[in-house]
Amino acid sequence: MEQPENPAEEPIVSDRVIINGSETPLTLTADGKLRMRERGQRCLTVEKEVLGFVTEGSKIRIRAVVKGGGAGICCVASKGALVRKDFVFQPLSNDSLNLWSQKLRQYIDSLGRPKQLFVFVNPYGGKKSASKIFVDHVKPLFDDADVHITLQETQYQLHAKEVASSLDLSKYDGIVCVSGDGILVEVINGLLEREDWEAAIKMPIGVVPAGTGNGMVKSLLDSAGYPCTAPNAVLAIIRGHKRPLDVATILQRETKYFSILMLAWGLVADIDIESEKYRWMGSARIDFYGLQRILHLRQYNGRVSFVPAPGFETYGEPTSYPNKSIGKPDSCSPSEEESIKARHHGYQGPNIDLENLEWRTISGPFVSVWLHNVPWGGEGTLAAPDAKFSDGYLDLIIMRDCPQLDLLSLMTGLNDGSHVKSPHVTYLKVKAFVLEPGPRTKEPTKEGIIDSDGEVLARGKGTYNCDQKAPMAYDKLQMVVHQGLATLFSPL
């Protein structure tokens, strides 16, 4: 037998089989390719295209996903959307059948794919399409891959957080969110509030786009050059690749919130939250209300302070740590300290000596202050084109003043990230950040909204729905990054 020149092409198993009534050689190579030598060297890549297989009597059925329009065992050169496709072959003997089943199972198991997943479905988010997406795309692919799932539909806000905070994680290889970004944020916060948070936060989390924003899954799939679709997201979970994700702790006195996407104050927050009154317009509400806000532009007094990443030390003016008292209790007796420790459980934020870092500051008025942890804020908003998943920094986008016509042009650049090149935008990376929000410049009796991960974090006086309770006060708050704290299923 002729030996392959490349060790990766060394056969794991090779035999003649029957395909579509014809006898032909079939080989599974060491690099995970199923090859038919007599049919134009066509192949199926196990890692990327094979979901799983089943034995049906004397035949083996390979369950795969390939690009539409192809025929035969492989569709590498075909165009079109991904489609599920079965490939059936019949070994010539029972011994060959058993050998093929054994070697295929061993190879697939060696890929480290998840076998047990806990799946959240949010039936109320976005266009209320999550349940249909689960039935049409998620469950069929998981079934083909022999992934066992436990399904939980969320019934109310923070339901996913409650479940994640007490879930028996030893039963699962990962958690999946069929939703927008909100359920993912809840899960992260729930895991970090556990007493066993250090182990819990290592649980890989996957996201399937089924909401309004879908910024995290768009960022993940776009990083690999894949369209933001449910099948692509499910395949990334099935394949089991993982990547770390930075988590930012937002702190205001005793109140903590863990952010993985963004924080906004000013124009972006106003559009995001106040456009809720036009939710009946669908996604068009953002553009519609955005135009209103640009035509009646607000500016806010305030100050931002930050620890710049290397290469950004010239931004702003030098200052000292502006938040010395935040989150730190007054001095107390040892017994009182024990009482405070007893009230605190879960992750308390990164252990960083903030007072001895090199702080810089920029004063307002501001049109917008926006921090981003990942590139995409939504499927059509490339908010921070230089953002990385686990570089240990947040991307800070500041706009202090901008003529209305320039602002219109700038906002249209959000779909490709070109807005950060505007002379009216300051764009840098920071390790830690303090926001001191103030009132509107032209209406000093009214304040603003602080938005984190698409939800209201704080509402100031005179704002939309200001009578509703928010997690934090419209006051000074701090944001610090913990590099690579969480783990996501990723296409790469």
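Residues numbered from 1 in each chain as written. Predicted model: local features only at pLDDT ≥ 70, side-chain atom pairs only at ≥ 80, totals over all residues. Heavy atoms only, no water.

### Here we look at the pairing of strand β10 (residues 174–179)
At step 1: β10 sits mainly inside the fold: 6 of its 6 residues count as buried.
At step 2: Neither face of β10 is open: one carries Gly174, Val176 and Val178, the other Ile175, Cys177 and Ser179, and all of them are buried. (Buried < 20%, exposed > 50% of the residue type's maximum accessible area, 1.4 Å probe, protein only. Helix = DSSP H or I, 4+ residues; strand = E, 2+ residues; numbered from the N terminus.)

### What about the state of the cysteines?
At step 1: Within the structure shown, the criterion is met by 0 disulfides.
At step 2: Counting only cysteine sulfurs, cysteine 228 is the nearest neighbor of cysteine 177, a cysteine outside any disulfide, at a range of 14 Å.
At step 3: Given a relative accessible area of 0%, cysteine 177 falls into the buried group. (Disulfide = S-S within 2.5 Å.)

### Focus: unusual backbone geometry
At step 1: Residue proline 365 is bonded to the preceding glycine 364 through a cis peptide linkage, with omega at 10°.
At step 2: Note on placement: proline 365 falls in the loop between β17 (359–363) and β18 (368–372).
At step 3: Phi at aspartate 453 takes a positive value of approximately 55°, unusual for a residue other than glycine.
At step 4: Note on placement: aspartate 453 falls in the loop between β21 (449–452) and β22 (455–459).
At step 5: The backbone of asparagine 465 sits at a positive phi, close to 55°, despite the residue not being glycine.
At step 6: Position of asparagine 465 among the secondary structure elements: in the loop between β22 and β23 (477–489).

### Concerning the side chain of serine 368
At step 1: Locating serine 368 in the fold gives a position in strand β18.
At step 2: Contact partners of serine 368, with chain neighbours within four places excluded, come to Trp265, Gly266, Leu267, Val268, Ile397, Ile398 and Met399. (Contact = heavy atoms within 4.5 Å.)

### A word on the nonpolar core
At step 1: One finds Phe142, Val178, Val187, Val208, Met216 and Phe433 to be the most contacted residues of the largest nonpolar core, which totals 113 residues.
At step 2: The residues touching valine 208, leaving out its near neighbours within four places in the chain, are Ile133, Val138, Val176, Cys177, Val178, Ser179, Ala230, Ala233, Val234 and Ile237.
At step 3: Membership of the second largest hydrophobic core comes to 22 residues, among which are Leu34, Leu44, Val50 and Leu97. (Core = buried A, V, L, I, M, F, W, Y, C linked by side-chain atoms within 4.5 Å.)

### Examining a nonpolar patch on the surface
At step 1: A cluster of nonpolar side chains, Leu291, Leu295, Leu405 and Leu408, forms an exposed patch at the surface whose accessible area comes to about 380 Å².
At step 2: Counting residues per element, the ones that place at least two in the nonpolar patch are α10 (284–295) and α12 (404–412).
At step 3: Turning to its location among the elements, leucine 408 is positioned in helix α12.
At step 4: A residue is classified by how much of its surface remains accessible, and leucine 408, at 31% relative accessible area, is partly exposed. (Patch = residues over 30% accessible without salt bridge, like charges linked within 9 Å, V, L, I, M, F, W, Y side chains within 5 Å. Areas by Shrake-Rupley, 256 points an atom, 1.4 Å probe, with all protein chains shown as cover. Salt bridge = Lys/Arg side-chain N within 4 Å of Asp/Glu carboxyl O.)

### Re α10
At step 1: End to end, α10 covers 17 Å across 12 residues, agreeing with the expected 16 Å (1.5 Å per residue, within 8%).
At step 2: Of the residues making up α10, those classed as buried are Arg285, Tyr289, Gly290, Arg293 and Ile294. Around the axis of α10, the buried residues are gathered within 155° of arc, so they sit on the same side.
At step 3: Those residues of α10 hidden inside the fold are in contact with α9 (267–274) and α12. (Expected span 1.5 Å × (residues − 1). Arc of directions from axis to C-beta.)

### A short note on the UniProt feature "domain: DAGKc" (unreviewed entry) in the chain
At step 1: Those residues carrying the UniProt feature "domain: DAGKc" (unreviewed entry) are residues 112–254 in this numbering.
At step 2: The annotated region residues 112–254 carries 40% helix and 24% strand content, and the separation between its end C-alpha atoms amounts to 40 Å. (UniProt positions renumbered as here; feature names shortened; annotations may be inferred.)

### A closer look at the pairing of strand β7 (residues 82–91)
At step 1: Bridging between strand β1 (residues 11–19) and β7 involves 2 bridges; their strand directions are antiparallel. Note that in β7 the partner of isoleucine 18 across the bridge is glutamine 90.
At step 2: Across 8 bridges, the pairing between strand β6 (residues 59–67) and β7 is antiparallel. The partner of lysine 67 across the bridge, within β7, is leucine 82. (Pairing = 2+ DSSP bridges.)

### What to know about the environment of aspartate 143
At step 1: Inspection of the secondary structure assignment puts aspartate 143 in helix α3 (residues 130–144).
At step 2: The spacing of aspartate 143 and valine 88 is 55 residues in sequence and 17 Å in space, taken between C-alpha atoms.

### Focus: the packing of helix α4 (residues 159–166) against helix α5 (residues 181–192)
At step 1: With their axes 7 Å apart at the nearest point, α4 and α5 run at an angle of 35° to one another. Relative to α5, the crossing made by α4 is right-handed. Residue-level contacts link His159, Ala160, Lys161, Ala164 and Ser165 of α4 to Ile183, Glu186, Val187, Asn189, Gly190 and Leu191 of α5.
At step 2: Residues of the contact of α4 with α5, tallied by class, amount to 5 nonpolar, 4 polar and 2 charged. (Axes fitted to C-alpha atoms, helices over the stretch in contact; angles between N-to-C directions. Left-handed = near helix turned anticlockwise from the far one by under 90°. Nonpolar A, V, L, I, M, F, W, Y, C, P; charged D, E, K, R; others polar.)

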